[in-house]
Amino acid sequence: MKKRLKVLNLVIVVVLLVWTLFPIYWMISLSVRDQDELRSSIPLLPKSFTLSHFTRLFRERNFAVAIRNSLQVTLISLTISLILGLGVAYVLSRARLRLRWAGTLQFWIFLVRVLPPIAFAVPLYLMMTQARLIQTKIPIISAHVLINLTFIIWMMITFFEGLPIEMEESAMLDGATEWQVLIRIALPLVVPGIASVSILSFMTSWNEYLYGVIFVQKPSNFTIPLVLATMNSEQELAEYGLIAAGGIISLLPVLIFVIFAQNYLISGLSSGAVKE
């Protein structure tokens, strides 16, 4: 009976791995096949090998600019969201700092999180148009801050509430200010939580498409999802190699980020899920 369960578990694991990894393999496979093979019946294993799709991507599609734009939008919005989100989460998690309307604020934070992103598109668009900022990257950065800020606050409240309050009280008895308590005591103890929300927020911003379509007006400001979308038009349906090469390149920053911070991500999510 135990052997059958082991075999069943092994089969389930293999099926899940194939289901998860096959799309990545297929994207890599398409990106290294030549154009003639892509226009015919595509076999499971590539019969040709070429890197021309990657070189064309940078030479003809100006993909380096899209990477730069994506990095700028993602990193700037993530930095702003972390600075604001950590401060708000700390205040809302401490009874001594809570304001009279803290409960209302938490309700609105939760409401912004559960509403569909399209609900904020029209108000943001009108605001940015009236401020004459629609031709800049400020609208898309603001939209990403709106997406990530509520998530960071929502998650980090749990991490701050899990800290022993006695350490902060002892520091305040020794003369530490609230800012010193936050920066020197609280934040170092929640580094796994900060790493986990940073990774998840980075992935959200990096792959975000809806707000990009609405707010990005100039081709010179296109992010990676927008450039890939333009290659998937009716005129370029046969450009599978270019689209696959762009998809592979777009995976690399997120993959590198996750590899270097995976230990923080695992410990952060597990510690944030359990409250003592």
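What you see is a predicted model, and the numbers here were worked out from it, not measured in a lab. Each chain has its residues counted from 1, following the order in which its sequence is written. Given that this is a predicted model, residues contribute local features only at a pLDDT of at least 70 and side-chain atom pairs are listed and counted only at 80 or more, while totals for whole chains, interfaces and linings are drawn from all residues. Neither water nor hydrogens contribute to the side-chain values; these are computed over all heavy atoms in the structure.

Asks: Can you explain the overall build of the protein chain? Please cite residues and give values.
Replies: In this description a helix means any DSSP run of H or I spanning at least four residues, a strand means any run of E spanning at least two, and both kinds are numbered starting from the N terminus. Across its full length, the protein chain carries 13 helices and zero strands. Reading the secondary structure of the protein chain in the N-to-C direction produces α-α-α-α-α-α-α-α-α-α-α-α-α. Throughout this description, buried means an accessible area under 20% of the type-specific maximum (1.4 Å probe, protein chains only), exposed means over 50%, and partly exposed covers the range between. For the protein chain, buried positions account for 38% of its 276 residues. Areas reported here follow the Shrake-Rupley algorithm with a probe of radius 1.4 Å; residue values treat only the protein chains shown as occluding. For the protein chain, the accessible surface area stands at approximately 16,500 Å², while carbon and sulfur atoms represent 69% of it.

Asks: Can you explain the packing of helix H7 (residues 138-161) against helix H10 (residues 191-207)? Please cite residues and give values.
Replies: All axes here are fitted lines through C-alpha atoms, helices being fitted over the stretch that makes contact, and every angle between N-to-C directions spans 0 to 180 degrees. It is at 10 Å that the axes of H7 and H10 come closest, and there the two elements cross at 160°. With respect to H10, the axis of H7 lies roughly antiparallel. For the crossing formed where H7 meets H10, the hand is right-handed. On H10, the residues touching His 144, Ile 147, Asn 148, Phe 151, Ile 152, Met 155, Met 156 and Phe 159 of H7 are Gly 193, Ile 194, Ser 196, Val 197, Leu 200, Ser 201, Thr 204 and Ser 205. Gly counts as polar in this scheme, as do all residues outside two lists: the nonpolar Ala, Val, Leu, Ile, Met, Phe, Trp, Tyr, Cys and Pro, and the charged Asp, Glu, Lys and Arg. Looking at the contact of H7 with H10 residue by residue, the classes come out as nine nonpolar, seven polar and no charged. Small angles under 35 degrees read as roughly parallel and large ones over 145 as roughly antiparallel, with 65 to 115 read as roughly perpendicular and the rest as oblique. Should the near helix be turned anticlockwise from the far one by less than a right angle, the crossing is termed left-handed; should it be turned clockwise, right-handed. In what follows, residue pairs with any heavy atoms lying within 4.5 Å of each other are defined as contacts.

Asks: Any chance you could break down the confidence of the model for the protein chain for me, citing the residues and the numbers?
Replies: For every residue, the predictor states its confidence as a pLDDT score lying anywhere from 0 to 100. Of all residues in the protein chain, 89% have pLDDT values of 70 or greater, and the mean over the chain is 84. The low-confidence segment residues 272-276, where pLDDT is below 50, has four contacts with residues more than four positions distant or belonging to other chains.

Asks: Got a sec to walk through the pattern of salt bridges? Specific residues and values, please.
Replies: Oppositely charged side chains can pair when the atoms bearing their charge come close. A pairing counts as a salt bridge when a side-chain nitrogen of Lys or Arg comes within 4 Å of a carboxyl oxygen of Asp or Glu. Applying the stated criterion across every chain yields a total of three salt bridges. Two residues, Arg 33 and Glu 37, come together in a salt bridge whose shortest N-O distance is 2.8 Å. The pair Arg 33 / Glu 37 is uniform in exposure class, with both members buried. Where Glu 60 meets Arg 59, a salt bridge forms, and the shortest distance between an N and an O atom there is 3.7 Å. For Glu 60, a relative accessible area of 44% gives the class partly exposed.

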